[in-house]
Amino acid sequence: MAGGRERQPIGLWQTNGVLSHVLHITMRIHCGDNQQPRRLLMAIFRLSAGAALALLFGVGFGWSACAQVSPPAWLGRLFQQPSATAPVPAARDSEPQWSGQSGASGDPRMSAGAIRSAAADFQNCIAALAPQAERRGISLAAYQRLTAALTPDLSIMDKLDAQPEFVKAPWDYLDLLVSDDRIARGRELLAQYAPTFAAVERTYGVDRAIVAAIWGVESKYGTMGGERSVLRSTATLACIGRRQEFFRGEFLAALEILQRGDIPPDRLVGSWAGAFGPTQFMPTSFLRYAVDFDGDGRRNVVDSIADVIASTANNLKTDGWVRGQNWGYEVVLPQSFDYRLADSARPMTVRQWQSLGVRRADGKPLPRPADRAGLLLPAGARGPAFLTLDNFRVIMKYNPAEAYALAIGHLADRLRGGAPFVQSWPRDERVLTLDERYELQQLLAQRGFRIGAPDGFIGPQTRFAIRDFQTSVGQIPDGFASSEVLDRLRQR
């Protein structure tokens, strides 16, 4: 294990007396005893590098003995044939290794030293989550079966600060995701599964092209979904790195999925962040939105096309999808336009935008004049402009990156036969590195502009601060984090 002295592994379930101690301590903890059982629990977990993970799953998948609750019938069926359930994929020698470098975000939890320290404490971290897992009904039997070979995957740390929607230029990101092959394949799948798409569209009111676009962007229609164990990835991120609080919920949700039996452990594989299936559900999203559309008794968003399409549509509907509304439109702005109006927090009606001289770039009329829309300038005043509707923000709930939502919307348009964007991207513009974005935020903060905590990612608050700075120095206040803005900040 990186950053810590290697210990000879001692299998928890082969260690005499440990299981009985675990059961006894678990009951004391959850029947209202004091903190002494927790200290005993931590001491037991120091016996083995893998023991903490084992207890987490065992305590969580069980039901509280002091509550005298009987297991539900489906749980009994799950354990009648344990040999039919494949083990969780374990680490392999061929897997990528961590570079040993600090993350680019500058977050102290992403320093190389912090990563090594957290990795050395991995088992204690997992052990501390055991009570939360038990409250979710995770049994000791499932715990034993699922955690035998789990270890932290530190290679994930190199990816945590390098998500493409944040470090690529928007035009490069769109070139990659709205490609000719994705357009062609998406149209083929829309035709191949037309009855299913039609049934889902009737049921949930979500445009089939949007669902197909998510399928295409997330996994290239199921061909690039990832092969990492979701359980191992979320366990790693729950204890190491800058998003531990978020991923603890994902880790516990992954346990629930395995407990319920919707997806076998050997099929619960996906991206480094724990997203799985053709449309890349996170574990918590699966628990909230997955549906059994094919009626086979399981919500299988990995192998059932009907469940994949319906669950994705249900996700969007539940998040507020507006039936019959598009995601947005490419628009042209008048020369005298006030760029300070480009504020997603203060949308106006389409009719109001039209009164300001905003027109569709393809010359077609803007429909639904009463719809409310914000103005998006992903490349500043030199690039295309977009009116984004409520459904654009719904897509951002699926993935909170504007570049992602723009890619989904544009791919959906192309799948319906739409044309490429009319306006050109400023491809000569040098995109700032994460270090430069972090510096830009620091310089803005030093000059009294409110940006929140510097993190290297350009969100709405940072764009508002850039816009205010641009106004103060006589630049077009488009809020774009350009090299020109950074140079001006360095000069002052």
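These figures come from a predicted structure and were not determined experimentally.

Caption draft 1: Broad picture of the pattern of salt bridges. Applying the stated criterion across every chain, the model contains 24 salt bridges. Salt-bridge contacts for Asp 161 lead to Arg 242; the nearest nitrogen and oxygen are separated by 2.6 Å. One end of the pair, Asp 161, is in the loop between helix 9 (157-160) and helix 10 (164-167); the other, Arg 242, is in the loop between helix 15 (230-239) and helix 16 (244-260), and 81 residues separate them in sequence. Like Asp 161, the residue Arg 242 is buried in the burial classification. For the salt bridge of Arg 340 with Asp 338, the shortest nitrogen-to-oxygen distance reads 3.0 Å. Looking at Arg 340, the relative accessible area reads 45%, which means it is partly exposed. Of the residues examined, Asp 338 reaches a relative accessible area of 29% and is grouped as partly exposed. Three or more residues are tied together by salt bridges with common partners; here these are Arg 136, Glu 256 and Arg 260.

Caption draft 2: Structural context of the nonpolar core. Ranked by size, the top nonpolar core spans 95 residues in total, and within it Ile 240, Phe 276 and Tyr 404 carry the most contacts. Of the residues forming this core, the biggest block, nine residues, is contributed by helix 21 (residues 402-415). Apart from residues no more than four positions distant in its own chain, Ile 240 is found in contact with Ile 115, Ala 118, Ala 119, Phe 122, Pro 152, Leu 154 and Met 157. Membership of the second largest hydrophobic core comes to 17 residues, among which are Ala 342, Met 348, Val 358 and Leu 375.

Caption draft 3: Region of the structure containing the side chain of Arg 467. Tracing the sequence through the fold places Arg 467 in helix 23 (residues 460-473). Despite its burial, Arg 467 remains without a salt bridge, the nearest opposite charge being carried by Asp 343 at 4.3 Å. Other than its neighbours up to four places away in sequence, Arg 467 contacts Tyr 339, Arg 340, Ala 342, Asp 343, Arg 346, Pro 477 and Gly 479.

Caption draft 4: Region of interest: the sheet that holds strand 6 (residues 372-376). With respect to topology, five strands assemble into an open sheet ordered 4-6-7-3-5, the strand pairing being antiparallel. Looking at the sheet topology across the chains shown, the edges are occupied by strand 4 (348-349) and strand 5 (359-360). Note that strand 6 and strand 7 (residues 385-388) share three bridges and pair antiparallel. Residue pairing in the sheet places Gly 374 in a bridge with Thr 388 of strand 7. The strands that helix 20 (residues 390-398) touches are strand 6 and strand 7; relative to strand 6, the one it contacts most, it runs at about 65°.

Caption draft 5: The packing of aromatic side chains, seen in detail. By the definition in use, this model includes 15 aromatic pairs. Measuring from ring centre to ring centre gives 6.1 Å for Trp 327 and Phe 392, while their planes differ by 40°; the resulting arrangement is tilted. With a gap of 65 residues between them, Trp 327 in the loop between helix 18 (305-318) and strand 3 (328-332) and Phe 392 in helix 20 connect regions that are remote in the sequence. Phe 392 carries the same exposure label as Trp 327, and that label is buried. Ring plane angle 65° and centroid distance 4.9 Å describe the contact between Phe 386 and Phe 421, whose orientation is recorded as edge-to-face.

Caption draft 6: Inspection of the confidence of the model for the protein at higher detail. Confidence along the protein averages 83 in pLDDT terms, with 79% of residues attaining 70 or more. Predicted confidence for residues 1-91 stays below pLDDT 50, and this span has 171 contacts to residues more than four positions away or in other chains.

Caption draft 7: Layout of the packing of helix 22 (residues 434-446) against helix 24 (residues 483-491). It is the contact of helix 22 with helix 24, at a shortest axis distance of 10 Å, that shows an interaxial angle of 45°. By the angle between their directions, the pair helix 22 and helix 24 is classed as oblique. Seen from above, helix 22 lies across helix 24 with left-handed handedness. Mapping the contact onto sequence places Glu 436, Glu 439, Leu 440, Leu 443 and Leu 444 in helix 22 and Val 485, Leu 486, Leu 489 and Arg 490 in helix 24. Its residues assigned to classes, the contact of helix 22 with helix 24 shows six nonpolar, no polar and three charged.

What counts, and where the lines are drawn
- Residues numbered from 1 in each chain as written.
- Predicted model: local features only at pLDDT ≥ 70, side-chain atom pairs only at ≥ 80, totals over all residues.
- Heavy atoms only, no water.
- Salt bridge = Lys/Arg side-chain N within 4 Å of Asp/Glu carboxyl O.
- Helix = DSSP H or I, 4+ residues; strand = E, 2+ residues; numbered from the N terminus.
- Buried < 20%, exposed > 50% of the residue type's maximum accessible area, 1.4 Å probe, protein only.
- Core = buried A, V, L, I, M, F, W, Y, C linked by side-chain atoms within 4.5 Å.
- Contact = heavy atoms within 4.5 Å.
- Lys, Arg positive; Asp, Glu negative; His and termini not counted.
- Pairing = 2+ DSSP bridges.
- Axes fitted to C-alpha atoms, helices over the stretch in contact; angles between N-to-C directions.
- Phe/Tyr/Trp six-rings, centres within 6.5 Å; stacked < 30°, edge-to-face > 60°.
- pLDDT = per-residue confidence, 0-100.
- Parallel < 35°, antiparallel > 145°, perpendicular 65-115°, else oblique.
- Left-handed = near helix turned anticlockwise from the far one by under 90°.
- Nonpolar A, V, L, I, M, F, W, Y, C, P; charged D, E, K, R; others polar.

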